[in-house]
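# A structural walkthrough
Take a look at the letters that make up each chain.
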Amino acid sequence: MCCCCCCSNTKQQQDAFDFYLHLITTIERNSRHETNPVEGFTIRLEDRVGCMSSKKVKYTQRHDYFLPLQIPLEKATNLDEVKEYLERKAADGANNSGDKNIVRHKVPLHACLERFFATEVLEQFHSTAANCITTAKRSTRLVNMPDFLLLHLRKFTLGSDWVPKKLDVSVDMPDELDLSSWRATGMQPNEQPLPETDDKPKFSFDENLMGELMQMGFPQEACKRAVFHTKNISLEAASNWLMEHIGDADISEPFVLPAGGMGDSKALNFIANPESVAMLMSMGFEER
């Protein structure tokens, strides 16, 4: 069940997750130089990026106040029932309105967690070891276990017409949750670190920002365009660019960095809203 409230700033209806972020931001602002109650919600995450060319790795840590979980419908335990239900509704020419016998996808929470912690392939990765653009593998692990673990089930996805729609799905919650298999390990004895260097390309995709956009359902190539044209500024800037250009004919075509590596000049004049910056920082992004 999703609770709703009204935001005093926008006068618009917000859901429980929006209120949670607003609450975290407010507490953070009023707890500077004092004991911060949100520490009990803070999750430290470890990102491991492994260069496929040099086999060298890079470990970074970040913090968040929730785990954003996509819901993989293909992992539902009742796929056959859902298929029969949809075929029957299509044959009857009716919709789900008022239907008390709706058959929803039933997805185990463990499947959502597996999707979040799964290894993803990063294209256009600049390797400081191989000194070239190559591919890499990225994975995320838990460094700590907070006193209170909040899970954000992302029930919105993009339809074939690029219009956001809400998933009518049920996620089964277990009585006990074991996350030990996704515990962070840090640099291993048999691993070699990617060298640090100031000799970087004129533009490098923010890996965390790319991951957030792709988790929202946008295609990888479209995300590259958004991140490039907004200069890695923020999730808000990139998502706004995507919504404005989602109808472009080449939005999903392979993206190649232009000669010179310069982005949209308009992005250089972007002035971030302080409220939005605080909200993004509460989600784990750095102010930069």
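Attention in this report is confined to the structure presented alongside it.

Scoring rules and cut-offs
- Residues numbered from 1 in each chain as written.
- Predicted model: local features only at pLDDT ≥ 70, side-chain atom pairs only at ≥ 80, totals over all residues.
- Heavy atoms only, no water.
- Helix = DSSP H or I, 4+ residues; strand = E, 2+ residues; numbered from the N terminus.
- Buried < 20%, exposed > 50% of the residue type's maximum accessible area, 1.4 Å probe, protein only.
- Phe/Tyr/Trp six-rings, centres within 6.5 Å; stacked < 30°, edge-to-face > 60°.
- Patch = residues over 30% accessible without salt bridge, like charges linked within 9 Å, V, L, I, M, F, W, Y side chains within 5 Å.
- Areas by Shrake-Rupley, 256 points an atom, 1.4 Å probe, with all protein chains shown as cover.
- Salt bridge = Lys/Arg side-chain N within 4 Å of Asp/Glu carboxyl O.
- Lys, Arg positive; Asp, Glu negative; His and termini not counted.
- Charge placed at Lys NZ, Arg CZ, Asp CG, Glu CD.

## Looking at the environment of F218
Here F218 lies in the loop between α4 (207-215) and α5 (220-229). Take F218: its relative accessible area is 6%, and that puts it in the buried class. Along the sequence, F218 and L242 sit 24 residues apart, while their C-alpha atoms lie 8.4 Å from each other.

## A short note on the packing of aromatic side chains
Applying the stated criterion to the full structure yields 7 aromatic pairs. Each ring, one from F228 and one from F255, has its centre 5.4 Å from the other, and the planes form 50°; the classification is tilted. One end of the pair, F228, is in helix α5; the other, F255, is in the loop between α6 (235-245) and α7 (265-268), with 27 residues separating them in the sequence. Relative accessible area serves as the criterion here: at 9%, F255 is assigned to the buried category. Members of the aromatic cluster, joined through ring pairs, are Y20, F41 and F148.

## Quick notes on a negative patch on the surface
Where like charges cluster on the molecular surface, the negative patch consists of D80, E81, E84 and E87. Assignment of secondary structure puts E87 in helix α2 (residues 79-92). A relative accessible area of 47% means that E87 is categorised as partly exposed.

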